[in-house]
Amino acid sequence: MERSPPQSPGPGKAGDAPNRRSGHVRGARVLSPPGRRARLSSPGPSRSSEAREELRSRLLGLIERSRVVIFSKSYCPHSTRVKELFSSLGVECNVLELDQVDDGARVQEVLSEITNQKTVPNIFVNKVHVGGCDQTFQAYQSGLLQKLLQEDSAYDYDLIIIGGGSGGLSCAKEAAILGKKVMVLDFVVPSPQGTSWGLGGTCVNVGCIPKKLMHQAALLGQALCDSRKFGWEYNQQVRHNWETMTKAIQNHISSLNWGYRLSLREKAVAYVNSYGEFVEHHKIKATNKKGQETYYTAAQFVIATGERPRYLGIQGDKEYCITSDDLFSLPYCPGKTLVVGASYVALECAGFLAGFGLDVTVMVRSILLRGFDQEMAEKVGSYMEQHGVKFLRKFIPVMVQQLEKGSPGKLKVLAKSTEGTETIEGVYNTVLLAIGRDSCTRKIGLEKIGVKINEKSGKIPVNDVEQTNVPYVYAVGDILEDKPELTPVAIQSGKLLARRLFGASLEKCDYINVPTTVFTPLEYGCCGLSEEKAIEVYKKENLEIYHTLFWPLEWTVAGRENNTCYAKIICNKFDRDRVIGFHILGPNAGEVTQGFAAAMKCGLTKQLLDDTIGIHPTCGEVFTTLEITKSSGLDITQKGCG
């Protein structure tokens, strides 16, 4: 028969004088010897980093060796309630009464760094941080606490990671380096068009890597046009071969897939190409492509399942449309293409397809690049429009019909206005959907172990150490709520998570001032706040915005447009003109932005930019000579190359 949890002690017990020599609390073994010898840190008053590190090491050792550790204060009613719970369950605990040891305050301070919890009681069960009193009783009522109380040796692995993308692999490799037994489960559910891929996740297979390579292919086409003005003479008509490009890109991706598998093998990480799904606490079911099921257990789990492209939910979308999952390995040239969406994926794909000489139309429901600086977004769109990409604004598709089969075939798209009753139709060879991505969190059994997700978005809320509401389950990457959906972010957070989980570091991932670049034909790089967000946070009157148009030297001889490339910084006037937003539209924007992002991490100000001597002639040097503010209203058009 299951015992009822004990009730909180009455108010009379809370004020009882602490007993420095209490050896047991109703069956719980107390690790607080009498007198001044009850210390975990090294002797002496030193507060050096060495002493602090030694104390931290001893705390982690205590947690590692103990089935249950309760960091408590003898007079705390919540601590007493927790100790009575474990006593009622017949579980012997190691209890450290922080008010009965001389260095209790230092222990609590270091403990708060390890756990991100400043209060007592602070409970660990089989090396898993459960939390405080409320979390412990919640775990008891859900059955999780009983599961955690199983012997740690009963688990097959120290850590199982569900998802073999950038974040998952980073976490797995780091945990293995720290001597832990690690498994990675990775399984790609084929797209509606039947496309699947190897180990490495979205970025490597159907994201950043093939996207950047196709962007480069399109830039080379532009460079060929420019080269005539620089004296290169050639008579042969130049054309682009889709099949040659995709074969080369896929060969490169295959080499990366193999490299990831080899890296896991070298670090003794178990890689299983199966679909992972929780069946109960600490236990998952792994189903391979043949439908064979295997079960594994682990002390801790990391969810790194990423996202997949969203579909419209209209007639013909999954039957006839493709997404970025399919585009980069498409065995034939897509021909006349309709890109649906205005995300960075939509505009990047539209840009390089147009760069190959294809007829490309972008259908936009509302605004371009939602979440990005809208002035910059409109400049991106304007440049694309000037270079042959057509935009259908304020329309959404309602039906896709197949007119002809083929490679490519012919599709008819019926669309309606978002502002009225107008409908239009068009015929295309390919329809590419890029309307957003959905988190892969709804079909992995999270509800069976009580992990909370945002029901609308599927995102997983976590605390600042990537921990979900279930203590032994963590999450990294694009599935996190309110975090940047970027590969380097997933890699960094995964690596730091492993280090924290297994005692190598306390460092948390810094999600502030993360730089990124949109690889449209004219690249857009940014770091920090958009102008809209800066105004919302700091108010317009507290900001100074410096900006300029510029003409890259390489564009002058080639006869390309002046007054198209653009740079701006957003400064907080009441924080020494600190740069809180950095934006550039121009060639190699990613390379330019990366360096300035490091400077922003260091507290970059307008004066520091002014004090920096630029490298001439480069695009990046414009940020060292910014003079005109938006508030001045002065003209920023350029008459020549500086």
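Positions within a chain are numbered from 1, following the residues in the order the chain's sequence is written. The predicted origin of the model limits local features to residues at a pLDDT of at least 70 and limits the giving and counting of side-chain atom pairs to 80 or more, whereas totals for whole chains, interfaces and linings rest on all residues. As a rule here, side-chain values cover all heavy atoms of the structure and leave hydrogens and water aside.

### Notes on the state of the cysteines
Item 1. By disulfide we mean two sulfur atoms from cysteines, separated by a distance within 2.5 Å. In total, this model carries 0 disulfides according to the counting rule given.
Item 2. Here Cys321 stays free of any disulfide, with the sulfur of Cys349 as its closest cysteine sulfur at 14 Å.
Item 3. Cys602 takes part in no disulfide bond, and the closest cysteine sulfur, belonging to Cys527, lies 11 Å away.
Item 4. For Cys602, a relative accessible area of 71% gives the class exposed. For every residue, the accessible area obtained with a 1.4 Å probe (protein chains only) is divided by the maximum for its type, and the residue is called buried under 20%, exposed over 50%, and partly exposed between those limits.

### Looking at the UniProt feature "domain: FAD/NAD(P)-binding" (unreviewed entry) in the protein chain
Item 1. UniProt positions are given in the numbering used here, feature names are shortened, and annotations may be inferred rather than shown by experiment. In this structure's numbering, the residues bearing the UniProt feature "domain: FAD/NAD(P)-binding" (unreviewed entry) are residues 157–494.
Item 2. With 33% helix and 25% strand, residues 157–494 has end C-alpha atoms that lie 18 Å from one another. Here a helix means four or more residues in a row that DSSP labels H or I, a strand means two or more in a row labelled E, and each is numbered from the N terminus.

### With respect to the pattern of salt bridges
Item 1. A side-chain nitrogen of Lys or Arg and a carboxyl oxygen of Asp or Glu constitute a salt bridge if their distance falls within 4 Å. Applying the stated criterion across every chain, the model contains 29 salt bridges.
Item 2. For Arg52, the salt bridge is made with Glu109, and the minimal N-O distance between the two is 2.8 Å. One end of the pair, Arg52, is in helix H2 (residues 49–65); the other, Glu109, is in helix H4 (residues 104–115), with 57 residues separating them in the sequence.
Item 3. You can call Arg52 partly exposed: its relative accessible area is 27%.

### Points about helix H13 (residues 344–355)
Item 1. For a helix, the expected span equals 1.5 Å multiplied by the residue count minus one. For H13, with 12 residues, the first-to-last C-alpha span of 16 Å sits near the 16 Å given by 1.5 Å per residue.
Item 2. Along H13, the residues classified as buried are Ala346, Leu347, Glu348, Cys349, Ala350, Gly351, Phe352, Leu353 and Ala354.
Item 3. Phi turns positive one or two residues past the end of H13, at Gly357, with a value near 95 degrees.

### Concerning the packing of aromatic side chains
Item 1. Think of it this way: a Phe, Tyr or Trp ring, Trp meaning its six-membered ring, pairs with another when their centres are within 6.5 Å, and the plane angle makes it stacked under 30 degrees, edge-to-face over 60, tilted otherwise. On inspection of all chains with the given rule, the structure shows 13 aromatic pairs.
Item 2. Here the aromatic rings of Phe187 and Tyr275 are separated by 6.4 Å at their centres, their planes lie at 85 degrees, and the arrangement is edge-to-face. Placement of Phe187 in the loop between strand E8 (182–185) and helix H8 (201–206) and of Tyr275 in strand E10 (residues 275–280) is noted, with a sequence separation of 88 residues between them.
Item 3. A relative accessible area of 25% means that Tyr275 is categorised as partly exposed.
Item 4. Ring plane angle 25 degrees and centroid distance 4.9 Å describe the contact between Phe582 and Phe596, whose orientation is recorded as stacked. Residue Phe582 is found in strand E27 (residues 578–585), and its partner Phe596 is found in helix H19 (residues 589–601); the two are separated by 14 residues along the sequence.

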